Amino acid sequence: MKRFDNKTVLVTGGNSGIGLATAQEFAKQGARVIITGRDQATLDAAKAQLGEKAIALRTDAGDIKASKELASTLTAQGITLDAVFFNAGVAKFAPLEAIDEEFWDQSFNVNVKGIFFAIQALTPLFNSGAAIVLNGSINAHIGMASSSVYAASKAALISFAKTLSAELLPRGVRVNVVSPGPVSTPLYGRLGMPAEQLNELAAGIQSQIPLKRFGTPDEVASAVVYLSSPESAFIVGTELIVDGGMSQL
């Protein structure tokens, strides 16, 4: 018997990168996996990889109304949840003088407000013993230039892991956060940089990682699945850092 047989797991932003790798690992462990995302084409492709039990739903992680509609859709189908990985987010970087209100609002609407109200909307669907894992970042701990807004939004999630655990534990629900360091995902290809500049950036980041390489989505997925599993039942309100030692050594 697999760890997640007869369990239902939701992964937001499960159509690519860390989200897809995590959804795949949950599926391997026997879970019925529900993924969300904004792009229908990548959702369809991800669903095909996850198998016939998988459910793919198009939704906007930063839209409170969309979160309520997601909860209503799952309720109408009689679906309850044993684990949720809130992975969907935006990673935007800019120096202080270049940041405007629109930049701020986009980061906080998706990375903070969207997650908070999604948890609120989905709370009635959590089974006793359910686990929530939030996708943080080591940027909340290091002083990386041009990351002030992004880092602040991820620091809020680390706080949520503690405060929301305090509120949800009476319902039998744990909240933890996994904070990746640099990971090889499609995100780096969306930074809008020429290939040469992107390679220079990657080399500079890699030199700061004690393991001298980027992490993989599968390595973060393993941490998320662990925090969602019965093996971590005594872990509450905790941050698990997966960064090759970048913020630790």
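Residues numbered from 1 in each chain as written. Predicted model: local features only at pLDDT ≥ 70, side-chain atom pairs only at ≥ 80, totals over all residues. Heavy atoms only, no water.

Going by the annotation in an unreviewed UniProt entry, the name recorded for the chain is Short-chain dehydrogenase, with Undibacterium terreum given as the source organism. On record in UniProt, under Sequence similarities (unreviewed entry), the comment for the chain is "Belongs to the short-chain dehydrogenases/reductases (SDR) family." (UniProt positions renumbered as here; feature names shortened; annotations may be inferred.)

**A word on the packing of helix 3 (residues 64-76) against helix 4 (residues 101-122)**
Where helix 3 contacts helix 4, the axes come no closer than 9 Å and their chain directions differ by 30°. Between helix 3 and helix 4, the angle is such that the two are roughly parallel. Read as a crossing pair, helix 3 and helix 4 show a hand that is right-handed. Contact residues: Ile64, Ser67, Lys68, Ala71 and Leu74 in helix 3; Lys113, Gly114, Phe117, Ala118, Ala121 and Leu122 in helix 4. The residue inventory of the contact of helix 3 with helix 4, partitioned by class, reads seven nonpolar, two polar and two charged. (Axes fitted to C-alpha atoms, helices over the stretch in contact; angles between N-to-C directions. Helix = DSSP H or I, 4+ residues; strand = E, 2+ residues; numbered from the N terminus. Parallel < 35°, antiparallel > 145°, perpendicular 65-115°, else oblique. Left-handed = near helix turned anticlockwise from the far one by under 90°. Contact = heavy atoms within 4.5 Å. Nonpolar A, V, L, I, M, F, W, Y, C, P; charged D, E, K, R; others polar.)

**Observations concerning the packing of helix 1 (residues 17-28) against helix 2 (residues 40-50)**
Running from N to C, helix 1 and helix 2 point in directions that differ by 25°, and their axes come no closer than 10 Å. It follows that helix 1 is roughly parallel to helix 2 by the angle criterion. Handedness of the helix 1/helix 2 crossing: right-handed. Side by side, helix 1 and helix 2 meet where Leu20, Ala23, Gln24 and Ala27 of the first sit next to Ala46, Gln49 and Leu50 of the second. Residue composition of the contact of helix 1 with helix 2, by class: five nonpolar, two polar and no charged.

**Brief notes about the environment of Leu96**
Mapped onto the fold, Leu96 is located in the loop between strand 4 (81-86) and helix 4. By relative accessible area, which is 72% here, Leu96 ends up exposed. Each C-alpha atom, one on Leu96 and one on Arg171, is 41 Å from the other, the two residues being 75 residues apart in sequence. (Buried < 20%, exposed > 50% of the residue type's maximum accessible area, 1.4 Å probe, protein only.)

**A look at the packing of aromatic side chains**
One pair of aromatic rings is described through two measures. These are the centre distance and the angle between the planes. Taken as a whole and assessed by the stated rule, the structure comprises five aromatic pairs. Both rings, one in Phe93 and one in Tyr150, keep their centres 5.0 Å apart while their planes meet at 55°; by these two values the pair is tilted. Of this pair, Phe93 sits in the loop between strand 4 and helix 4 while Tyr150 is found in helix 5 (residues 148-168), placing the two residues 57 residues apart along the sequence. Ring geometry for Phe116 and Phe160: centres 5.6 Å apart, planes at 45°, overall tilted. Placement of the pair is Phe116 in helix 4 and Phe160 in helix 5, with a sequence separation of 44 residues. (Phe/Tyr/Trp six-rings, centres within 6.5 Å; stacked < 30°, edge-to-face > 60°.)

**Digging into the sheet that holds strand 1 (residues 8-12)**
Across the sheet, seven strands lie side by side as 3-2-1-4-5-6-7; this open sheet has parallel pairing. Each of the sheet's edge strands pairs with one partner strand only, and the pair in question is strand 3 (55-58) and strand 7 (239-242). Neighbour-to-neighbour, the strand axes of the sheet open up by a mean angle of 15°, direction not taken into account. Of the strand pairs in this sheet, strand 4 and strand 5 (residues 126-135) are connected by five bridges, and their pairing is parallel. Residue pairing across strands places Phe86 opposite Leu134, the latter belonging to strand 5. The strands touched by helix 5 are strand 5, strand 6 (174-180) and strand 7; relative to strand 6, the strand with the most contacts, the crossing angle is about 165°. (Pairing = 2+ DSSP bridges.)

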